[in-house]
Amino acid sequence: MPAPRILLIIGGGIAAYKSIELVRLLRKSGHVVRCVLTRAGEQFVTPLTLAALSENKVYTSLFDLKDEVEMGHIQLSREADLVVVAPATADLMAKMAAGIADDLATTLLLATDKPVLAAPAMNVRMWLHPATQRNIATLRGDGVSVMEPDEGEMACGEYGPGRLPEPEAIFAAIKAALASAPSPLTGQPDFAPANHRPLHGRRILVTAGPTHEPIDPVRYIANRSSGKQGFAIAAAAAEAGAEVLLIAGPVALPTPAGVIRVDVETAVEMEREVAAGLPVDAAIMVAAVADWRAADTRAQKIKKDGSGEVPPLALAENPDILANVAKSDRRPPLLIGFAAETNDVVAHAEAKLARKGCDWIVANDVAADPMGGETNRVHIVSNAGVESWDRLPKPAVARKLMEKIADALETRAPIEAD
Ligand code: CTP
């Protein structure tokens, strides 16, 4: 078999020094490595070091591709089996997501017809920024395999996710990518995002958003749920290869790629659609279901009669969808509830776990991360104990949850649809 060829694009950032070790690992195991340094990357590692280690010419942004002779460098990205971006800085990924090609590295990334693996490295705030998270979602949607960064202390002194994965981890991801079977459509390794589809063959049901409980034709009872976390979970489940049914309360969010969406308004409608969606391998009840509805919904708008009297509003309790699914004979093997709490988060979640009969409660403190925001700091409460995660953007919470769900389902046979 010919030696696998890696085109390694090295972005700027203090972590660029780790790319030296990556080149060493790749060469040691017989890969052909060609390195491209961005202008920023050149501030951290020298072309000479990389040339010595890769035993190949190193390309830098000095090649501006305006010269006809230099156009040949586009070939660089075609002659590789895999393009690796490490470190992938926030700036580089933003350009990739937008299709900007203003230097050699970004031109190669836009011109390539080969799979791309990106290993991000940046400051924790930059990683958590919604713009970066949006760009990562776009890149993954485009088929780029974006690794999760490591968590820990950063060169800038802050703590959190954003550190470049260790060279050994990138090396392992490269090997996994190269080992993926070629796609029957493209003939290329079908690895991104299909290389990592731990929920392939699974059916997942997600509820999301608030419910609206009508009082009369113009008024309703609702809550502040934005649906963002639930939609991010549906998107991550689809990205991980699952067949996803999303039952959404009234929200103004686009349907994530590859997700089947059913819109509902009330808790009663949501319960009906959930029942119709079973059986599934896992149900994730993220919706903030209204606990009560108006006991009698008026057919006509309630009018102020000028007497100053306030109309009575009698409430009736809504069905507890999660608790009812837990009791049903179609209970999914993995049933997950969410709990937005303002105090004693873990204690309330533990009580809810027992009361609702689900397997996990994903609890978050809405006093610290208000509903409708971009981040969540969650605690996964189960009979096995409590696992607390750092504050993460909602899409990152969703992706991490998918890994945990995939692990939990690993030994179970997939559920057959009716
Ligand atoms: N849930 C549900 N049906 C309801 C209420 C809640 O399926 N009628 C689900 C939610 O989707 C969530 C979990 O139960 O997964 C916890 O929701 P929450 O509103 O926190 O639970 P409640 O029992 O309503 O408790 P609280 O008194 O804290 O509102």
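Residues numbered from 1 in each chain as written. Predicted model: local features only at pLDDT ≥ 70, side-chain atom pairs only at ≥ 80, totals over all residues. Heavy atoms only, no water.

### Comments concerning the site of the ligand
Move 1: The local shell around the ligand holds 13 residues, among which Met-285, Ala-287, Asp-291, Lys-352 and Lys-356 are the closest.
Move 2: Met-285 places a polar main-chain atom, nitrogen or oxygen, 2.6 Å from an oxygen atom of the ligand.
Move 3: At 2.8 Å, a backbone N or O of Phe-338 approaches an oxygen atom of the ligand.
Move 4: Relative to its free-state accessible area of 560 Å², the ligand is covered by the protein chains to the extent of 79%.
Move 5: Breaking the shell around the ligand down by element, the ones donating at least two residues are helix H11 (321–327), strand E17 (334–341) and helix H12 (345–356). (Near = heavy atom within 4 Å. Polar contact = N/O pair within 3.5 Å; in protein donor to acceptor, adjacent residues only side chain to side chain. Areas by Shrake-Rupley, 256 points an atom, 1.4 Å probe, with all protein chains shown as cover. Helix = DSSP H or I, 4+ residues; strand = E, 2+ residues; numbered from the N terminus.)

### Examining the sheet that holds strand E20 (residues 378–382)
Move 1: In spatial order, the strands read E13-E12-E9-E14-E17-E18-E20-E21; together these eight strands make up an open sheet with mixed pairing. Among the strands making up the open sheet, the edge pair consists of strand E13 (259–263) and strand E21 (385–388). The mean angle between the axes of side-by-side strands here comes to 20 degrees, regardless of whether they run parallel or antiparallel.
Move 2: For E20 and E21, the ladder comprises four bridges, and the chain directions are antiparallel. Within E21, the residue paired with Ile-380 across the bridge is Glu-387.
Move 3: Contacting E17, strand E18 (360–365), E20 and E21, H12 runs over the sheet at an angle of about 155 degrees to E18. (Pairing = 2+ DSSP bridges. Axes fitted to C-alpha atoms, helices over the stretch in contact; angles between N-to-C directions. Contact = heavy atoms within 4.5 Å.)

### What about helix H8 (residues 167–179)?
Each α-helix winds once per 3.6 residues, and so residues spaced three or four apart point in a common direction.
Move 1: Between its first and last C-alpha, H8 extends 18 Å over 13 residues, near the 18 Å set by a 1.5 Å rise per residue.
Move 2: Among all positions of H8, only Pro-167, Ile-170, Phe-171, Ala-173, Ile-174 and Ala-177 are buried. Along the long axis of H8, the arc covered by the buried residues comes to 160 degrees, so they all point the same way.
Move 3: Taken together, the buried residues of H8 touch strand E1 (5–10), helix H1 (18–28), strand E4 (82–88) and strand E5 (116–120). (Expected span 1.5 Å × (residues − 1). Buried < 20%, exposed > 50% of the residue type's maximum accessible area, 1.4 Å probe, protein only. Arc of directions from axis to C-beta.)

### Quick notes on the packing of H1 against H8
Move 1: H8 packs onto H1 with a crossing angle of 45 degrees between their chain directions and a minimal axis gap of 9 Å. The pairing of H1 with H8 is recorded here as oblique in orientation. Regarding H1 and H8, the two cross each other, and that crossing is right-handed. The segment H1 lies against H8, with Lys-18, Glu-21, Leu-22, Leu-25 and Leu-26 engaging Pro-167, Glu-168, Ile-170, Phe-171 and Ile-174.
Move 2: Among the residues making up the contact of H1 with H8, the classes are represented as seven nonpolar, no polar and three charged. (Parallel < 35°, antiparallel > 145°, perpendicular 65-115°, else oblique. Left-handed = near helix turned anticlockwise from the far one by under 90°. Nonpolar A, V, L, I, M, F, W, Y, C, P; charged D, E, K, R; others polar.)

### What about the domain arrangement of the chain?
Move 1: When its domains are assigned, the chain resolves into domain 1 (5–180) and domain 2 (194–409).
Move 2: For domain 1 versus domain 2, the separation of C-alpha centres amounts to 38 Å.
Move 3: Each side of the interface is counted separately: domain 1 has 12 residues, and domain 2 has 11 residues.
Move 4: Taken over both partners, the interface formed by domain 1 and domain 2 buries close to 930 Å², and the fraction arising from carbon and sulfur atoms is 50%.
Move 5: Ranking the residues of domain 1 by area buried against domain 2 places Leu-128, Gln-133 and Arg-140 at the top, with a combined share of 43%.
Move 6: The tally of links from domain 1 across to domain 2 stands at two salt bridges. (Domains from an automatic or database assignment. Buried area = accessible area lost by both parts, 1.4 Å probe. Salt bridge = Lys/Arg side-chain N within 4 Å of Asp/Glu carboxyl O.)

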